[in-house]
Amino acid sequence: MKTRITDITGTRYPIIQGGMQWVGRAELASAVSNAGGLGILTALTQPTPEALADEIARCRTMTDKPFGVNLTILPTAQPVPYEAYAEVIATSGIGVVETAGRSPAEFIARFKEAGVRIIHKCTAVRHALSAQRAGVDAVSIDGFEAAGHPGEDDIPGLVLIPAAAQALDIPILAAGGMATGRSMAAALALGAEGITMGTRFMLTREAPIHEAIKQAVVQGSERDTTLIFRALRNTARVFRNAVSEEVNVKEREPGATFENIKALVAGARGRAALETGDVDGGLVWAGLGIGLMDDIPTCAELIERVVGECRQALARATALTSEA
């Protein structure tokens with residue numbers, strides 16, 4: 001497949017593994033890249049910029065294909081040296097950075113100077129237009145179906161993707177609910193030039209999380225995610241478990257603030273859940289696409305299946321719409 005996204009990434013297919021905290025490590029990123037997609041290391045999974053440099057080096061021992069780094073810029077309880085992480089990315093020979101959270105404008109000049117292409121995750125067309133003006137090379141447009149923070153507008157991909165494609169000059173990736181070849185075919189038909197998959201890559205054999213977590217999520221349906229932080233105007237989609245249910249109860253209490261739920265949603269607690277397999281031990285991030293996932297393949301099996309199904313779905317649509 002050849003699109004403007006593959007021109008940016010240098011990959012065989014326009015399929016990108018979304019950045020996932022605690023999940024985006026060398027084991028997964030290298031497997032995605034070796035299979036023809038763009039694997040992504042998550043910068044803030046690493047405790048220091050120096051540790052990120054080490055993880056980039058480790059990933060290079062596992063693949064000779066292109067891979068990228070996600071840098072998510074969000075308010076945090078403890079200050080994060082974003083500039084230092086950005087400098088590691090700029091000096092490491094990485095070809096693509098996936099930015100998320102607030103605008104990456106302050107880092108764009110440095111990334112451009114280093115020859116790093118920038119894909120910014122957006123949840124609204126207005127944010128995508130702002131990113132385009134700032135100079136990013138592409139955007140990943142996240143519909144309401146996505147895991148993580150889908151924004152506050154609640155616009156699903158069926159509307160958001162073509163709206164972004166119509167408004168933007170730079171290429172877009174479709175994200176949120178991307179799980180199968182049919183998803184990819186739909187995204188391409190709606191105007192995207194590739195897809196970003198997060199949860200689907202979390203449910204692969206190479207993803208460095210406990211098997212019990214993978215099994216619990218893959219057995220879930222499209223009804224087994226929930227939205228938290230709604231009352232705080234920082235909406236997030238996660239897997240429905242004991243912790244997320246408790247968060248929903250607590251944040252709806254009169255006068256509730258983030259302090260009332262801080263201990264429940266701590267990153268360390270979520271990391272421990274992923275590592276120990278305690279499904280109810282912390283937040284587990286997952287998108288609505290889990291309703292389309294029923295196995296835990298290798299990354300190579302997944303990507304080849306998605307590409308094959310995509311081509312079949314597009315051929316079927318062409319046949320259905322051809323003149324008699």
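Criteria and cut-off values
- Residues numbered from 1 in each chain as written.
- Predicted model: local features only at pLDDT ≥ 70, side-chain atom pairs only at ≥ 80, totals over all residues.
- Heavy atoms only, no water.
- Pairing = 2+ DSSP bridges.
- Helix = DSSP H or I, 4+ residues; strand = E, 2+ residues; numbered from the N terminus.
- Axes fitted to C-alpha atoms, helices over the stretch in contact; angles between N-to-C directions.
- Buried < 20%, exposed > 50% of the residue type's maximum accessible area, 1.4 Å probe, protein only.
- Right-handed = clockwise from strand over helix to strand, strands pointing away.
- Patch = residues over 30% accessible without salt bridge, like charges linked within 9 Å, V, L, I, M, F, W, Y side chains within 5 Å.
- Areas by Shrake-Rupley, 256 points an atom, 1.4 Å probe, with all protein chains shown as cover.
- Salt bridge = Lys/Arg side-chain N within 4 Å of Asp/Glu carboxyl O.
- Phe/Tyr/Trp six-rings, centres within 6.5 Å; stacked < 30°, edge-to-face > 60°.
- Lys NZ or Arg CZ within 6 Å of the ring centre and 35° of its normal.

Caption draft 1: Seen up close, the sheet that holds strand β4 (residues 96-101). Judged by pairing direction, the sheet is parallel, and its 8 strands sit side by side in the order β1-β8-β7-β6-β5-β4-β3-β2 without closing on themselves. Strands at the two margins of the open sheet, each flanked by one partner only, are β1 (15-17) and β2 (39-42). Between one strand axis and the next, the sheet turns by 30° as a mean value, whatever way the strands run.

Caption draft 2: Region of the structure containing the pairing of strand β3 (residues 67-73). Most of β3 sits out of view: 6 of its 7 residues are buried. Across 4 bridges, β2 lies against β3 in parallel orientation. Bridge assignment links L41 to a residue of β3, and that residue is V69. Each parallel crossover has a hand, and the one from β2 via helix α3 (residues 49-60) to β3 is right-handed.

Caption draft 3: A look at a nonpolar patch on the surface. On the surface, a nonpolar cluster with roughly 280 Å² of combined accessible area is contributed by I155, L158 and V159. Here I155 is to be found in the loop between β6 (138-142) and α7 (157-167). Note on I155: relative accessible area 32%, which makes it partly exposed.

Caption draft 4: A look at the pattern of salt bridges. In this structure the tally under the stated criterion is 18 salt bridges. Between E193 and R4 there is a salt bridge whose closest N-O contact spans 2.6 Å. Placement of the pair is E193 in the loop between α8 (181-189) and β8 (195-197) and R4 in helix α1 (residues 4-9), with a sequence separation of 189 residues. A relative accessible area of 17% means that E193 is categorised as buried. Residue R4 is classed as partly exposed on the basis of its relative accessible area, which comes to 38%. The salt bridge partner of E27 is R58, with a shortest N-O separation of 2.9 Å. With a gap of 31 residues between them, E27 in helix α2 (residues 26-34) and R58 in helix α3 connect regions that are remote in the sequence. Using a relative accessible area of 31% as the deciding quantity, one classes R58 as partly exposed. When salt bridges with common partners are traced through the structure, they connect E27, E55 and R58 into a single cluster.

Caption draft 5: A look at the packing of aromatic side chains. Per the stated rule, a full pass over the model turns up 1 aromatic pair. Look at F107 and F111: their rings are 6.4 Å apart centre to centre, the planes differ by 50°, and that puts the pair in the tilted class. Taken as a pair, F107 and F111 lie in helix α5 (residues 105-113) at a separation of 4 residues, close to a single helical turn. One exposure class covers both F107 and F111, and it is buried. Taking NZ or CZ as reference, R237 lies 4.8 Å from the ring centre of F144, over its face.

Caption draft 6: Representation of unusual backbone geometry in the model. A positive phi angle, near 65°, is found at F229, a position not held by glycine. Assignment of secondary structure puts F229 in the loop between β9 (225-228) and β10 (236-239). Note on F229: relative accessible area 7%, which makes it buried. With a phi angle near 60°, R233 is a residue other than glycine that sits in the positive phi range. Following the sequence through the fold, R233 ends up in the loop between β9 and β10.

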